[in-house]
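Residue-level listing of the chains:
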Amino acid sequence: MGADRIDVVVRDAHRLDEAAALLPAARAEVAVDADRRLLSAPAADRTAALAETVRALGAAGIEAEDIALRRPTLDEVFLHLTGREDGEVAA
């Protein structure tokens, strides 16, 4: 869970699925926030993931408004470790 993440905000929301398929992570690992046009995926090798993402999006003609590398948030670590939302009570 300590892996870096790559976040991409695409200009055209209609191309989110297409862009998600191009990220260097497995499709199941890509989180999609359609309202914000944001894709987020784990990046084991941050430099390679960034370069690969920029090349793939460019080759596909998908414009990105922002691309960033970041560390996982505490919320993401919590969800990964517990499997439940913050504040959710286990039965």
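All values derive from a computational prediction rather than experimental measurement.

Asks: Residues and numbers for the sheet that holds strand β3 (residues 38-43), please.
Replies: Pairing between sheet strands relies on hydrogen bonds along the backbone, with the strands arranged either parallel or antiparallel. With antiparallel pairing, the four strands of this open sheet are ordered in space as β2-β3-β1-β4. Only two strands of the sheet have a single neighbouring strand rather than two, namely β2 (31-33) and β4 (64-70). Going across the sheet, the axis of each strand differs from the next one's by a mean of 15°, ignoring polarity. Of the pairings in the sheet, the one linking β2 to β3 comprises three bridges and is antiparallel in character. Across the sheet, D33 pairs through a bridge with L38, a residue of β3.

Asks: Break down unusual backbone geometry for me, with residues and values.
Replies: The residue R37 is not glycine, and still its phi comes out positive at about 60°. By secondary structure assignment, the location of R37 is in the loop between β2 and β3. The partly exposed category is assigned to R37, whose relative accessible area is 23%.

Asks: Describe in detail the nonpolar core, supporting the description with residues and values.
Replies: One finds V8, V10, A19, L23, V30, L39 and A41 to be the most contacted residues of the largest nonpolar core, which totals 15 residues. Taken together, the elements giving at least two residues each to this core come down to β1 (4-10), α1 (16-22), β3 and α2 (46-60). Excluding residues within four positions of it along the chain, A19 makes contact with V10, L39, L57 and I62.

Definitions and cut-offs
Residues numbered from 1 in each chain as written. Predicted model: local features only at pLDDT ≥ 70, side-chain atom pairs only at ≥ 80, totals over all residues. Heavy atoms only, no water. Pairing = 2+ DSSP bridges. Helix = DSSP H or I, 4+ residues; strand = E, 2+ residues; numbered from the N terminus. Axes fitted to C-alpha atoms, helices over the stretch in contact; angles between N-to-C directions. Buried < 20%, exposed > 50% of the residue type's maximum accessible area, 1.4 Å probe, protein only. Core = buried A, V, L, I, M, F, W, Y, C linked by side-chain atoms within 4.5 Å. Contact = heavy atoms within 4.5 Å.

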